[in-house]
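# Breakdown of the fold
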Amino acid sequence: MSINITTLLILAGCAVVTWIPRVAPFLIVRNLQLPDVVMKWLSFIPICILTALIAGSVIDNSGAATLPAINWQVLAALIPTLFVALWTKSLLATVIFGIVVMAALRNFV
């Protein structure tokens, strides 16, 4: 694949289009004092996103069945990882433990 000016312009345009919606809200809101209700609502966004990512991993709807199935391998890794997260309260320890458990399940079970 050769890189020409058109390819570089397309990549730059894609980068700008991706960057603007991520950065613009921070630039707009940084000088505003938001009401407490809005700040409380915004505080729930990270846990909602994390829950959606976890639920999307555990629920497997790729099969031909009419109802979604549970990915038991992911669920088996999720449960001990959740206990490690609650016990250590360390993101690094939780992520490393989860990766090790998932790798062990994928390679040895």
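Scroll up a little and you will see the structure.
Criteria and thresholds
Residues numbered from 1 in each chain as written. Predicted model: local features only at pLDDT ≥ 70, side-chain atom pairs only at ≥ 80, totals over all residues. Heavy atoms only, no water. Helix = DSSP H or I, 4+ residues; strand = E, 2+ residues; numbered from the N terminus. Rg over C-alpha atoms; globule rule 2.2 N^0.38 Å. Buried < 20%, exposed > 50% of the residue type's maximum accessible area, 1.4 Å probe, protein only. Contact = heavy atoms within 4.5 Å. Patch = residues over 30% accessible without salt bridge, like charges linked within 9 Å, V, L, I, M, F, W, Y side chains within 5 Å. Areas by Shrake-Rupley, 256 points an atom, 1.4 Å probe, with all protein chains shown as cover. Salt bridge = Lys/Arg side-chain N within 4 Å of Asp/Glu carboxyl O. Core = buried A, V, L, I, M, F, W, Y, C linked by side-chain atoms within 4.5 Å. Expected span 1.5 Å × (residues − 1). Arc of directions from axis to C-beta.

## Thoughts on the overall build of the protein chain
Broken down by element type, the protein chain carries five helices and two strands. Along its sequence from the N terminus, the protein chain presents helices and strands in the succession α-α-α-β-β-α-α. For the protein chain, whose C-alpha radius of gyration is 21 Å, the value lies well above the compact-globule estimate of 13 Å for 109 residues. Taken across its 109 residues, the protein chain has 9% of its residues classed as buried. Here the contacts in the protein chain between residues at least 6 apart in sequence split such that 26% fall between residues at least 24 apart.

## Quick notes on a nonpolar patch on the surface
A contiguous nonpolar surface patch, about 660 Å² in accessible area, is contributed by Val38, Met39, Trp41, Leu42, Ile45, Ile49 and Leu53. Secondary structure elements with two or more residues in the nonpolar patch: helix 2 (36–43) and helix 3 (45–58). At four residues, helix 2 tops the list of elements feeding residues into the nonpolar patch. Relative to the assigned elements, isoleucine 45 resides in helix 3. A residue is classified by how much of its surface remains accessible, and isoleucine 45, at 32% relative accessible area, is partly exposed.

## Observations regarding the nonpolar core
Listed in full, the six residues of the largest apolar core are Val58, Val74, Ala77, Val101, Met102 and Leu105. Residue assignment for this core shows that the elements contributing at least two residues are helix 4 (72–88) and helix 5 (91–108).

## A closer look at the side chain of threonine 81
In this fold, threonine 81 is placed in helix 4. Threonine 81 gets classed as buried once you look at its relative accessible area, which sits at 12%. When neighbours within four sequence positions are excluded, threonine 81 is seen to be in contact with Thr94, Phe97 and Gly98.

## A few points about helix 5
Taking 1.5 Å as the rise per residue, helix 5 with 18 residues should run 26 Å; its terminal C-alpha atoms sit 25 Å apart, in good agreement. Within helix 5 the residues assigned to the buried category are Thr94, Gly98, Val101, Met102 and Leu105. Mapping the buried residues of helix 5 onto a view down its axis gives an arc of 95°, with all of them on the same face. Exposed and oriented more than 90 degrees from the buried face of helix 5 are Leu92, Ile99, Val100, Asn107 and Phe108. Elements that come into contact with the buried residues of helix 5 comprise helix 4.

So, to be careful, I would describe these as geometric facts and stop short of saying anything about function.
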